[in-house]
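Close look at the chain arrangement
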Amino acid sequence: QVQLVESGGGLVQAGGSLRLSCAASGRTVSRWAMGWFRQAPGKEREFVASIRWSGTTTYFTNTANSVKGRFAISTDNAKNTLYLQMNSLQPEDTAVYYCAGGPAGAGKYDYWGQGTQVTVSS
């Protein structure tokens, strides 16, 4: 019942920034987790960042080592939207970026968006 739609991708030069958005619709559970993944052609899907709520007001975030210090995950609860702020982009960041969501602690995500392309030129 949950639908996720990514937006904000595009072409950017190395060193530039983009902010991806993931709009969620439908009902979510109280202990919810969302994340960003990416997949380059010929490569496996890679974890980028996640946010997990513990209780109703506390949440935890995590980012992959490859993007720590450059990417930040955040959410706007009022708009039911997940964001990925990407700074200091590098050509290696070129991929289709997907958002995902599911119950925290389930071990995997149940819902996925269709992805948005990010291309970083050198």
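Whatever comes next refers back to the structure up there.
In short, a report on the structure. (Residues numbered from 1 in each chain as written. Predicted model: local features only at pLDDT ≥ 70, side-chain atom pairs only at ≥ 80, totals over all residues. Heavy atoms only, no water.)

Moving on: the sheet that holds strand β7 (residues 71–76). What the four strands build is an open sheet, ordered β1-β3-β8-β7; its pairing is antiparallel. Because the sheet does not close on itself, it has two edges, and the strands there are β1 (3–7) and β7. Averaged over all pairs of adjacent strands, the angle between their axes in this sheet comes to 20°, without regard to strand direction. Inspection of the sheet shows β1 paired to strand β3 (residues 18–25) by five bridges, in the antiparallel sense. Residue pairing in the sheet places Leu4 in a bridge with Ala24 of β3. (Pairing = 2+ DSSP bridges. Helix = DSSP H or I, 4+ residues; strand = E, 2+ residues; numbered from the N terminus. Axes fitted to C-alpha atoms, helices over the stretch in contact; angles between N-to-C directions.)

Before going further, it helps to examine the state of the cysteines. Considering all chains together, one arrives at one disulfide under this definition. The residue that forms a disulfide with Cys22 is Cys99, at a sulfur-sulfur distance of 2.0 Å. Between Cys22 and Cys99, the S-S torsion sits near 55°, and that sign places the bridge as right-handed. Of this pair, Cys22 sits in strand β3 while Cys99 sits in strand β9 (residues 95–103); the two residues are 77 residues apart in sequence, bridging distant segments of the chain. A relative accessible area of 0% places Cys22 in the buried class. Using a relative accessible area of 0% as the deciding quantity, one classes Cys99 as buried. (Disulfide = S-S within 2.5 Å. Buried < 20%, exposed > 50% of the residue type's maximum accessible area, 1.4 Å probe, protein only.)

Our next topic: the packing of aromatic side chains. As enumerated under the stated definition, the model contains six aromatic pairs in all. Three or more aromatic residues link up through ring pairs in this structure, and these residues are Phe37, Phe47, Tyr109 and Trp112. Taking the ring centre of Tyr98 as reference, the NZ or CZ of Arg45 above it sits at 4.4 Å. Between Arg45 and the ring centre of Trp112, over which it is positioned, the NZ or CZ distance is 4.5 Å. (Phe/Tyr/Trp six-rings, centres within 6.5 Å; stacked < 30°, edge-to-face > 60°. Lys NZ or Arg CZ within 6 Å of the ring centre and 35° of its normal.)

Attention shifts here to the pattern of salt bridges. Opposite charge on two side chains makes pairing possible when the charged atoms of those side chains draw close. Enumeration over the complete set of coordinates arrives at three salt bridges. Glu46 serves as the salt-bridge partner of Arg38, at 2.9 Å between the closest nitrogen and oxygen. Across the pair Arg38 and Asp93 runs a salt bridge whose closest N-O atoms are separated by 2.8 Å. In this pair, Arg38 is assigned in strand β4 (residues 32–39) and Asp93 in the loop between β8 (81–86) and β9, connecting sequence segments 55 residues apart. Taken individually, Arg38 and Asp93 each receive the classification buried, so the pair is uniform in this respect. Connected through shared salt-bridge partners, Arg38, Glu46, Arg70 and Asp93 make up one network. (Salt bridge = Lys/Arg side-chain N within 4 Å of Asp/Glu carboxyl O.)

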